[in-house]
Amino acid sequence: MRSDVARLRCGKTIPLLGMGTYCPQKDRETTISAVHQAIKIGYRHFDTAKIYGSEEALGTALGQAISYGTVQRDDLFVTSKLWSSDHHDPISALIQTLKTMGLEYLDNYLVHWPIKLKPGVNEPIPKEDEFEKDLGIEETWQGMERCLEMGLCKSIGVSNFSSKKIFDLLDFASVHPSVNQVEMHPLWRQRKLRKVCEENNIHVSGYSPLGGPGNCWGSTAVIEHPIIKSIALKHNATPAQVALRWGMSKGASVIVKSFNGARMRENKRALEIKLDDQDLSLIDHLEEWKIMRGEFLVNQTTSPYKSIQQLWDNEI
């Protein structure tokens with residue numbers, strides 16, 4: 001098997017380098033242009049979500065590239081995510097996503113967060129009265145399994161699930177998740193969760209593999225870290241390439257968001273870097289710090305999670 005892909009439990013391969021399309025400005029034309037550029041550079045794995053507001057732009061760009069003959073649908077790996085206000089009906093939500101994107105199927109459909117919001121809530125940060133008391137993950141997962149049966153997607157999975165939540169899901173799932181997409185980078189290495197996922201044949205996909213610089217909640221701590229910089233210097237690479245290669249060296253795919261052509265090329269060259277045991281050991285000893293903490297899903301009254309520790313089951 002090629003070294004730039006991993007095989008999922010469903011038999012599909014997932015490219016280790018993915019392009020994220022979260023764009024706070026929801027700038028359609030910029031997104032379309034960036035996706036075309038990414039395809040020309042060689043990206044084949046694209047990540048979106050209903051709540052990102054980029055499904056339509058991504059779908060338009062992919063549809064154009066397919067119709068131009070630049071790429072074939074079978075060569076692409078497309079992920080989107082079930083938003084928390086659609087947990088009551090994943091099938092309708094996925095049908096709407098496919099309609100929005102102009103696609104017949106997704107390669108990967110994920111439960112975005114282990115939280116259920118009231119139907120119709122389409123903001124990323126819910127108000128206090130918009131939470132459902134019951135998590136209802138079992139019913140939600142049954143809907144995800146039905147999406148798979150209906151051929152609306154080729155694989156199903158989760159995002160932001162702790163080890164405990166993975167074990168809880170495995171207890172009742174008829175179809176086990178193929179993917180768990182979580183924050184993962186050299187300063188948040190997910191050792192325990194990676195082990196649990198590996199033992200249960202669940203592929204880990206890392207979002208914010210550079211720490212989310214440029215996002216309102218993100219940080220430059222990863223790419224500015226002196227150890228990461230020193231490893232980059234040693235390999236005549238950039239800190240971003242070192243961080244991305246570290247994630248891929250752990251068997252994870254990495255979802256990196258840049259709409260800048262030069263950066264996209266730079267990120268793709270991470271596939272060519274080889275980190276040695278000393279590099280990996282240095283990174284393994286860095287102090288850990290989770291950047292995306294999910295405070296917006298925690299409150300004392302209506303959320304099922306009364307603390308950050310409860311949301312992440314003390315894996316924080």
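None of these values were measured; they are calculated from a predicted model.

### Focus: the overall build of the chain
Here comes step 1: Across its full length, the chain carries eleven helices and ten strands.
Here comes step 2: Taken over the C-alpha trace, the chain has a radius of gyration of 19 Å; the compact-globule value for 316 residues is 20 Å, and the two agree within 12%.
Here comes step 3: On the principal axes, the C-alpha backbone points of the chain span a range of 50 × 50 × 35 Å.
Here comes step 4: Expressed as a percentage of the 316 residues in the chain, the buried residues total 55%.
Here comes step 5: For the chain, contacts bridging at least 24 residues in sequence account for 71% of all contacts bridging at least 6.
Here comes step 6: Taken as two groups, the 38 positive and 39 negative side-chain charges of the chain have centres that lie 4 Å from each other.

### Concerning the UniProt feature "binding site: substrate" (unreviewed entry) in the chain
Here comes step 1: Mapped onto the present numbering, the UniProt feature "binding site: substrate" (unreviewed entry) falls on His 112.
Here comes step 2: Residue placement: His 112 occurs in the loop between strand S6 (108-111) and helix H4 (137-149).
Here comes step 3: Residue His 112 is classed as buried on the basis of its relative accessible area of 6%.
Here comes step 4: If sequence neighbours within four positions are ignored, His 112 has contacts with Ala 49, Ile 51, Tyr 52, Lys 81, Leu 82, Trp 83, Ser 159 and Asn 160.

### Here we look at the environment of Gly 261
Here comes step 1: Tracing the backbone shows Gly 261 in helix H9 (residues 261-268).
Here comes step 2: Gly 261 sits in the buried class, given a relative accessible area of 8%.
Here comes step 3: Linking Gly 261 and Lys 116, residues 145 residues apart in sequence, is a C-alpha distance of 37 Å.
Here comes step 4: Beyond its immediate stretch of four places on either side in the chain, Gly 261 contacts Gln 37 and Ile 41.

### Looking at the pattern of salt bridges
Here comes step 1: This structure, assessed with the given rule, holds 19 salt bridges.
Here comes step 2: Residue Asp 284 is joined to Arg 191 by a salt bridge in which the shortest nitrogen-to-oxygen separation is 3.9 Å. Placement of Asp 284 in helix H10 (residues 277-284) and of Arg 191 in helix H6 (residues 191-199) is noted, with a sequence separation of 93 residues between them.
Here comes step 3: On the accessibility criterion, Asp 284 (23% relative accessible area) is partly exposed.
Here comes step 4: Of the residues examined, Arg 191 reaches a relative accessible area of 56% and is grouped as exposed.
Here comes step 5: Here Lys 229 and Glu 224 are joined by a salt bridge, their closest N and O atoms 3.1 Å apart.

### So, the side chain of Arg 194
Here comes step 1: Assignment of secondary structure puts Arg 194 in helix H6.
Here comes step 2: As a buried residue without a salt bridge, Arg 194 has its nearest oppositely charged side chain in Asp 284, at a separation of 5.3 Å.
Here comes step 3: Looking at Arg 194, its side chain comes within polar contact range of the main-chain oxygen of Arg 189, at 2.8 Å.

### Examining H10
Side chains of residues three or four places apart in an α-helix project in the same direction, reflecting 3.6 residues per turn.
Here comes step 1: Turning to H10, its buried residues are Asp 279, Leu 280 and Ile 283. Burial along H10 is one-sided: seen end-on, the buried residues are contained in an arc of 95°. Within H10, the exposed residues directed more than 90 degrees away from the buried face are Asp 277 and Gln 278.
Here comes step 2: If you follow the buried residues of H10, they end up packed against helix H7 (226-234) and helix H8 (239-249).
Here comes step 3: Taking the backbone nitrogen of Gln 278 as reference, a side-chain oxygen 3.1 Å away marks Asp 276 as the first, capping residue of H10.

### Digging into the nonpolar core
Here comes step 1: Within the largest apolar cluster, 79 residues are counted, with the highest numbers of intra-cluster contacts made by Met 19, Phe 46 and Leu 106.
Here comes step 2: Residues contacting Phe 46, with those up to four places away along its chain left out, are Met 19, Val 35, Ala 38, Ile 39, Leu 58, Leu 62, Leu 76, Phe 77, Val 78 and Thr 79.
Here comes step 3: One finds Ala 49, Leu 117, Leu 297 and Leu 311 within the second-largest nonpolar core, a separate group that totals 16 residues.

### Description of the pairing of strand S3 (residues 17-20)
Here comes step 1: Side chains Leu 17 and Met 19 project from S3 onto one buried face, and the interleaved Gly 18 and Gly 20 project onto a second face that is buried too.
Here comes step 2: Taken together, the three bridges between S3 and strand S4 (residues 45-47) define a ladder with parallel strand orientation. Opposite Gly 18, over in S4, you have His 45 as the bridge partner.

### Quick word on unusual backbone geometry
Backbone phi values are negative for most residues with the exception of glycine, while trans is the configuration of most peptide bonds.
Here comes step 1: You will see that Asn 201, though not glycine, has its phi angle at about 55°, which is positive.
Here comes step 2: In this fold, Asn 201 is placed in the loop between H6 and strand S9 (203-207).
Here comes step 3: The class of Asn 201 is partly exposed, set by a relative accessible area of 43%.
Here comes step 4: A positive phi is found at Asp 313, a non-glycine position, where the angle reads about 50°.
Here comes step 5: Along the chain, Asp 313 falls in the segment after helix H11 (308-311).

### Section: the side chain of Arg 73
Here comes step 1: If you trace the backbone, Arg 73 turns up in the loop between helix H2 (55-68) and strand S5 (77-82).
Here comes step 2: Only 2.9 Å separates the side chain of Arg 73 from the backbone oxygen of Tyr 105, close enough to count as a polar contact.
Here comes step 3: In this structure, Arg 73 is in contact with Ile 66, Val 78, Leu 103, Tyr 105, Leu 106 and Asp 107, ignoring residues within four places of it in sequence.

Basis of the calculations
- Residues numbered from 1 in each chain as written.
- Predicted model: local features only at pLDDT ≥ 70, side-chain atom pairs only at ≥ 80, totals over all residues.
- Heavy atoms only, no water.
- Helix = DSSP H or I, 4+ residues; strand = E, 2+ residues; numbered from the N terminus.
- Rg over C-alpha atoms; globule rule 2.2 N^0.38 Å.
- Buried < 20%, exposed > 50% of the residue type's maximum accessible area, 1.4 Å probe, protein only.
- Contact = heavy atoms within 4.5 Å.
- Lys, Arg positive; Asp, Glu negative; His and termini not counted.
- Charge placed at Lys NZ, Arg CZ, Asp CG, Glu CD.
- UniProt positions renumbered as here; feature names shortened; annotations may be inferred.
- Salt bridge = Lys/Arg side-chain N within 4 Å of Asp/Glu carboxyl O.
- Polar contact = N/O pair within 3.5 Å; in protein donor to acceptor, adjacent residues only side chain to side chain.
- Arc of directions from axis to C-beta.
- Core = buried A, V, L, I, M, F, W, Y, C linked by side-chain atoms within 4.5 Å.
- Pairing = 2+ DSSP bridges.

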